[in-house]
Every structure is written in C-alpha cells, then in structure tokens.
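Here is what each chain is made of, one letter per residue.
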Amino acid sequence: MRLPRPVLIATATATAAAALLLAPNGAVADPTPRPGAPVREGSDPSDGARAAGAPESAADRALTAPVTGLAPDAGAVRGYPREQVLAPDPENPADKSIKLGLAPYHSLAPRLNALQRLGDRVSVEVAGRSAGGHRLFLVTVTAPESERQARAQERLRELIENAPVAAAEDPAVKRDYKTPVFFNNNIHGNEWEGTDASLKLIEKLATAQDASTADLLAHHRVYFNITANPDGRIAGTRANANGFDLNRDFVTASQPEVRAMRQIAIDKQPALMVDLHGYVNGTLIEPTTPPHGENYEYDLFLKNTYANALGMEAAVNGLGYTPERDGVEPAQIPFRDQAEGWDDWPPIFTPQYMPFHGTVAAHTVEFPMAVNNDEYDDLPVTELRRRASINVAIAGAAMRASLDYARTHRASLVADQIEVFRRSVTGAAQVPVSPETVPDVPGIGPEDVYTTDFPRAYVIPAGADSQRSAPAAARLVDHLLANDVQVRQATRDFRLGGKAYAKGSYVVDLRQPKRGMANVMLADGRDISDKVSVMYDISGWSLGRLWGATVDAVRTSQLAVPDRAVRAAAKVGYVAPGGAQGPRLRLRLDDAREIAALNSLLAEGISVRRAADGSAIVPASARAKAAVAARTYDVAFDATKESGGAPLRRVRVAAAVTPGELFALREMDFDVVPVSTAILNAGFDWSRADVLFASSGLDPADLTPAARAALNTFLGRKGLVGRGAAGAALNTSAGLLPVEAVEGNPDANGVVRVVNSSGGGVTAGAPDHGFVYAPVWFTGLGAGVRVEQSYAGGAGGNPLVSGHWRALEDGSGGPAQAAGRASVVSGPHAVLFGTEPLFRDHPKGEFAQVARALLTVS
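Residues numbered from 1 in each chain as written. Predicted model: local features only at pLDDT ≥ 70, side-chain atom pairs only at ≥ 80, totals over all residues. Heavy atoms only, no water.

Draft legend 1. Seen up close, the overall build of the protein chain. Regarding its fold elements, the protein chain presents 28 helices and 34 strands. Taking 29 Å as the expected radius of gyration for a compact globule of 858 residues, we find that the protein chain reaches 27 Å, a close match to that expectation. Seen through its C-alpha atoms, the protein chain measures out along the principal axes to roughly 80 × 65 × 55 Å. Within the protein chain, contacts between residues separated by at least 24 positions form 79% of all contacts whose residues are at least 6 apart in sequence. Here the protein chain has roughly 29,100 Å² of accessible surface; of this, 52% comes from carbon and sulfur atoms. Considering the protein chain, the positive charge centre built from 86 side chains and the negative charge centre built from 96 side chains are found 7 Å apart. (Helix = DSSP H or I, 4+ residues; strand = E, 2+ residues; numbered from the N terminus. Rg over C-alpha atoms; globule rule 2.2 N^0.38 Å. Contact = heavy atoms within 4.5 Å. Areas by Shrake-Rupley, 256 points an atom, 1.4 Å probe, with all protein chains shown as cover. Lys, Arg positive; Asp, Glu negative; His and termini not counted. Charge placed at Lys NZ, Arg CZ, Asp CG, Glu CD.)

Draft legend 2. Looking closely at the packing of helix H7 (residues 193–207) against helix H16 (residues 381–408). Close contact between H7 and H16 brings their axes to 8 Å; oriented N to C, the two are set at 50 degrees. Comparing their axes, H16 and H7 come out oblique. Regarding H7 and H16, the two cross each other, and that crossing is right-handed. Residues Glu193, Gly194, Asp196, Ala197, Ser198, Lys200, Leu201 and Leu205 of H7 touch H16, and the partners they reach there are Ala388, Asn391, Val392, Ala395, Gly396, Met399, Arg400 and Leu403. Counted by class, the contact of H7 with H16 contains eight nonpolar, four polar and four charged residues. (Axes fitted to C-alpha atoms, helices over the stretch in contact; angles between N-to-C directions. Parallel < 35°, antiparallel > 145°, perpendicular 65-115°, else oblique. Left-handed = near helix turned anticlockwise from the far one by under 90°. Nonpolar A, V, L, I, M, F, W, Y, C, P; charged D, E, K, R; others polar.)

Draft legend 3. Inspection of the environment of Val316 at higher detail. Considering the arrangement of structural elements, one finds Val316 in helix H11 (residues 298–317). Note: C-alpha distance between Val316 and Gly282 (34 residues apart in sequence) is 9.8 Å. When near neighbours in sequence (up to four residues on either side) are disregarded, Val316 contacts Thr283, Ala331, Ile394, Ala397 and Ala398.

Draft legend 4. Representation of the environment of Ser607 in the model. Position of Ser607 relative to the elements: it lies in the loop between helix H21 (592–603) and strand E19 (608–610). In the structure, Ser607 is positioned 15 residues away from Ala592 in sequence and 20 Å away in space, judged by C-alpha atoms. Among residues more than four places away in sequence, those in contact with Ser607 are Ile617 and Pro619.

Draft legend 5. Representation of the pattern of salt bridges in the model. With the rule as written, the count across this model stands at 49 salt bridges. Where Lys514 meets Glu161, a salt bridge forms, and the shortest distance between an N and an O atom there is 3.7 Å. Here Lys514, found in the loop between strand E14 (506–509) and helix H19 (515–522), pairs with Glu161, found in helix H4 (residues 147–162); they are 353 residues apart in sequence, far enough to count as distant. Glu161 carries the same exposure label as Lys514, and that label is buried. In this structure, Asp196 and Arg233 form a salt bridge, with 2.8 Å as the shortest nitrogen-oxygen distance. With Asp196 in helix H7 and Arg233 in helix H9 (residues 230–235), this residue pair connects regions lying 37 residues apart in the sequence. For Arg233, a relative accessible area of 0% puts it in the buried group. Because the salt bridges share partners, they merge into one network encompassing Glu191, Arg238, Asp245, Arg248, Asp537 and Arg840. (Salt bridge = Lys/Arg side-chain N within 4 Å of Asp/Glu carboxyl O. Buried < 20%, exposed > 50% of the residue type's maximum accessible area, 1.4 Å probe, protein only.)

Draft legend 6. Geometry of the confidence of the model for the protein chain. In the predicted model, the protein chain carries a mean pLDDT of 91, and the fraction of residues at 70 or more is 91%. Considering only residues more than four positions removed or in separate chains, one finds that residues 3–72, a stretch of pLDDT under 50, has 178 contacts. (pLDDT = per-residue confidence, 0-100.)

Draft legend 7. Up close: the packing of aromatic side chains. The final tally for this structure, using the stated rule, is 21 aromatic pairs. Taking the centre distance of 6.3 Å and the plane angle of 70 degrees together, the rings of Tyr306 and Phe335 count as edge-to-face. On the criterion of sequence distance, the pair formed by Tyr306 in helix H11 and Phe335 in helix H13 (residues 334–337) is long-range, its members being 29 residues apart. Residue classification places Phe335 among the buried residues on the basis of a relative accessible area of 8%. Between the aromatic rings of Trp345 and Tyr450, the centroid separation amounts to 5.7 Å while the plane-to-plane angle is 65 degrees, which identifies the pairing as edge-to-face. Remark: Tyr450 occurs in the loop between helix H17 (410–426) and strand E10 (457–460) and Trp345 occurs in the loop between strand E8 (343–344) and helix H14 (350–353); sequence separation between them is 105 residues. For the pair Trp345 and Tyr450, one class covers both residues: buried. The lysine or arginine in question, Arg82, covers the ring of Tyr80, its NZ or CZ lying 4.1 Å from the ring centre. Lys844 extends its terminal NZ or CZ atom over the ring of Trp547, reaching a point 5.8 Å from the ring centre. (Phe/Tyr/Trp six-rings, centres within 6.5 Å; stacked < 30°, edge-to-face > 60°. Lys NZ or Arg CZ within 6 Å of the ring centre and 35° of its normal.)

Draft legend 8. Local environment of the nonpolar core. Judged by nonpolar contacts, the single largest core of 142 residues is most densely connected at Phe137 and Phe224. For Phe224, the contacting residues outside a window of four places in its chain are Phe137, Leu138, Val139, Val141, Phe183, Ser198, Leu201, Ile202, Leu205 and Met399. Within the second largest apolar cluster, 49 residues are counted, among which are Leu648, Val824, Ala853 and Leu855. (Core = buried A, V, L, I, M, F, W, Y, C linked by side-chain atoms within 4.5 Å.)

If you want it as structure tokens, here you go:
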C-alpha cells in the first residue's frame, strides 16, 4: 500500500503500524505527523534485516536485460491456450499466507495446473523469477486463438503502437482486436489478498457459461500477474529478498520482478490495469490528487480512470459491508474526495508507469482491512481470516467491475490508446484537463493542469568530448531500449540545434510512440514545491541529470540526422594496444562500471595504483586481466606513461545502510559485510573490515559500552564514510570530523545542482547534479576539513532543479539555507555525504563518489 493520509479513513491501528515503518532515508517515521502531512513509507524493519542477510549473488547486475527464455518458446507468437504443467514447489509451512487462510506460494503451481485443466480458456506462463529465485506466474484468460489468430493480434497491437493514424481507420482493429486488461497482485508482499481474489476470478472466467463472459473473452485478453512479489508473500514482508519496495523501482528497474512487469507492459500493452494493494479503510480507488504526471496524456487517462473508479466504488459498496457490523467504511476516490496527498507524479509506481506504454485506465486499489505488521502478530487468527476474506471479496468486486468497464467501453479504450500513440508519433501537443476536455469528471480545476513542452529530440553525444561518460551513455541507452524507447545512432558527424555532434552519438527522436517514457526519463523534471504542501514520495529522478551521461535537449523544427536504429548500445570496452612490456593502462573511476572493473582486478591480486587525478593505473603486465575486465564491465583502459601514486587494494566494507545502498555497493563489486546496532552489540570482528559505511540502522546511543569502544577504536584507526543525519551523528559520536551537520526539511527530495571541488578528490569526475532525500549540509568546518562538494545557488539561492523542497514553518531547512553550503566533506578518517548518491540504486552517475570515498578512507 501507500500509507494512508491523516485525511483518509484509516484502520484503527494504521498510525501505530506506520510508526514501525522505516522512512526512505532510514529514519523512523513519525507516528504523529503534523496536520495535513503524509506519513512517509519505506520498508518494514524486517525487510532491511532480510536484505542484510541476502546472498551477494542476489544482487543481479543485469539491470536492463529483458526477462526472456523462461517459458517454452519464449518470444515466439503462439496461440492460446498456452498450457504447461508447472513443477510443484516444496511445501513451506512457514509461509506467512497460511495464518491468514490465504494461498501459500507453494500451492500456486498445483492450483494453476488445475485451472488450466478446466477448459481451453486459461494459459499459464513463467514471466520471470524473483530476487529470491521464485517463479513469477503470468496467467492469460481468453477465448482460444490459433497461432494464425495470435499473430494477427500481435500485428494489430503493433499497428496501434507504431502506426496509430492507420490503426484509427483500420476496421480490423475495431472489429477484431482483443483489448488487453492487466491485474497486478501482491507487489507488496504483505498485502496478500489480490492473489487469492485473482485465483477465484480466473476459475469463474474459466467455467462461466453466460453470454457476458463469452463476449468478454472473445474481445479481450485478461492477464493476471498472480504474485508480483513471491519473496515477500512467503516472508510476510513488504519488500522482496533484496529488501526493495518493488512499487518504487519502475523508473530504475533494478529488480528482476520489476523487469518482468516492465516486459509484460511492453508485450501485452494493456489498455486498463489494476494494481491490488492494502490497506486503507475505506477502500481507496485511484485516480489521485495533484500533482499529476506532466508527461501523461492526462485527459485520456483521467476520463477512463475516473469512470472505472466509479464502477469499482459501486461494486465494492454493493457488497454490503458496513462500518457498524464489519468495520468496513465506504470506498473513496482521492481525486474526488481529497485535496492532496495521494499523487501520481513519479513514474515509480506501477499505475504511474503503465500509462507510458499506452494504458489509459490505471489504478491502485487499497483493500480496507489491515492484516499485516502489528495486526498480523497481535490479532487472533479468526479475526485475521475474517478480515482477509473481506479483502478478497473487495478485490474480486474491483476486478469484476473493471472487466465490466472494459467490456462495455472496449471501443473507446482502444480509441484512446490509439490517440495516446497518435499524439506521440505526430508530435501533437497535450490536451490540458478541464471541465470541457473531460466533461464527465467533476471538480477539475487549475490545480490539476500539468503539461510539458516536449523537445524535438535528445542527443547523447559520442566522440572525444564524451569519453568520460561513455560507460554511462551506454548504460543509459540500453535502459531506454529496455523501456521500449526508440534510439538511433548517427552514422556521420552532424549539427543539430546549433551544436556539432560526432558520428556515433545517440539520438532519441520524441516523435515516437513512447515519447512520454523518453521524456519522463531524460528531462530535468520540474520544481513543484509551490504546487502542493508535501509529496507522497520522490518528486525528481532525471536520468539525464543523475545517470552520468551527457544528455542534450534539442528544440528544432527539423531533425535531419544521418542515422540508423540501434537495438543495443555500442560496446565501450577497450584496452590500448601493446604487450606485457608496453605502456601502463589507465582506468577512469568516474562510473560504477569502472569501479566494478577496478574491484575485479584488485580481487585478482593485480597491483593497481592511484593517479593524482583519482584514476587507476594498471601495470602493462596485467593487460590480459584488463581485457577480461573491459569485456565484462564494458569499460575502457587507455595507455598512459603515468606511474601512479598510492597503491589501491581490495576494500572490505562494513555497511550499516539501506537495502538500496547495499545493492549499489555490491553492484560495484565491493566486498560488503552488513552490520547494525544489534550485530555490533552481539560482538563484531572488526578485523573483517577496512572501512565503515553508515547511513541507517546503527545508533551509537544504543550500543553497549564494549561495542561502542570497539567501534570508536576501529574508526580512529580506519575510518568512516557517513551519509545523511545518521552518518553525521556517528561522526560526531566518534569525534572524527569537526563539522556541524544541519538537517534540512525531512520531506525534501529531488535533483539538485552541485559544485564539485577540483583536485582529484572524492567528487572528481562527478556530475554537476546530485540527488537529495532529507538533505543535510555542513557548517562550522574545523581544521583539516576539505569541502568536496557544495550545493549550488550561492547564499540564498535555490539549488533544486526538480522535486519538492520547502522550508519548514520556522523558515529553516529550505533550499535557500542549503545554497552555497558544503554537501560533501572529508578529512583524514572520514567522508560525510549530505546528498543521497546511492538512493534506491538509482542515481548511477553518483555512485563513484561513494566508491572514491571508501577507497580514500580505507
């Protein structure tokens, strides 16, 4: 779920449960928020502990690879049904679903096998595997199709996306296209009931003989992601086995479950989708309050999402549950019933990501009756099962109402999906929402109008001037392609928008079906601090600013570039020619891939030294090892005569960090040992570590005297890399750096401009933008403190580029107070970050700052 606002009708224990959740920056959420403020959410405390115990192999590096090859004949167009016999999973009596009377994960494969045997309407495929290795089951329910008919459906789907003008006039689309509907279940592992409701609905659709069901399945494919998060379902945690909230990961797609859902969105192209969550009482049914994503065709989205919400509301309320008898409040629709606080601004949530693939009705639905967290532990089993059964019934009612809407509005859903793509490929302007453009939705006002002025294209440069960011550019291009964004590469030098670009530069023409996806990722975004009082989650995420590549927006009427379509970024990997006695090799350390390559060489025992500019100098004798690293990590080793200075060695990192930071450290191939207050109090062998990286879960005030003494001895002898308020507090406790940490507004987040210090320090080669969440800055700098980076803007300025950052009511904590202040500081035994360079594994261009800090301090 998204945690409920104080203005929403919540369960009696919602506030207490919220108090147990960790905020995204690692601080415990305030159980009594100020009036009108959201209760921020993060992972359950147990999720972080699970992430700390997850095997390093769980940190899969294939961040942009589509999930393929997991089902028979994957990628081939086959008819329906696509039946297969699923092997059973071992019975697991510890599965947390069992206590609720719900389907444990190990029961799913046998149940799906049985559903396939009911007739010729149900197909089951394996869409991927979770971080913990569990299968992700995609069920399709539809009338049978021959292979020829299935190929015809795929041609119509591609026509709608890639030739929408023709599709709008094609009678076969109106007559024959089976409009896709998608139900996503259990993306938060401890919000179980959507899975069970879907199993019941699949059985009903498989066996019903009425005319409306026959009509539905003749004209629709209905897809069910049975459980999007089997790891969390089994363990009773919100997050997956890597500790990630999957409903925050769509713009980054770091997790395999999200990559599987992304591929479903691309391949199936649903016109309507529902994401089933819990728990908000009464049942919460999107659409949302402002701000609304500025890259959507929001008039089409709001028209359908609001109308379908009304149908779901009627169906849910029609079940007859009452507050007095059942504890169930009437359903609510935030767009209609709330002023703000339940936004659809960031594309990190499933229903806010899917519209960029053509979904014109997308919903989060929150069942009412809480059965997780404290309720799971404290309530009698009979009460838990009563609540769970109510939630299953409500989820079923919401899905059935959505199918009714899809069946009765099939033609308009398809027409509106075609219009989304038509506007995109023709470069048409967006249509602002208003009572005139969306006449059936009440309450539309100027506060609901969010549109953007799309550039003509984006260029990701190649050539001599962009070698520093070459690995980042390749990663960004592959990520765009994985999100179904069309990218082209110049075959000759060219000029565009008054600037010269070299052959090999990448061009993203925004006159393409997925222009919204391209722009939401590459644009700077917007400062929306004055639009709403506080944001539900992150408000800025720009890959153009945070992923390390140079990205130029081009505003020109013509786009005449000699180019070709690309299916993958050009390889960057390179080793300067020469033998074992030739010139030494230089490896930049500006990108996460370069850091991973360095760590792989150090793990091989290669003698690597650090140059004055912070790069790594590799001996010519290690050329063969460098060639392997160049291929593995797609990085370049240039020739150099420089001998380098201090030796670099493999760093063992003790990490008290968030799951996203742990994942990023392992992505860079650091040797990581997770620690926490509890682990240190139990007795930790500090000889296992060379440096401590701390941002969350380690409070010196809660350490035993022996644990605190051992920690302080280690920090005085080795050192600390700290992030945020927690890292700064640990620095103060240990007396390492003489600085004062100033905490900004804890609700603030977004993309900020920064000024990096020169001289080959921690931020050498870093981008001039960073990411903040609950920003911190440093004042009172004592002797020996080096300012590595500052917030831009000068005294009283505003470093925020996109996101939401206001001053507190007393005028403190705002961007004007941070402007010109130190955001990263260092000294002999410590580096402190006031920014969030590893946030949720997202700001890829910032990762190397942390790596340099770890290498420097250790």
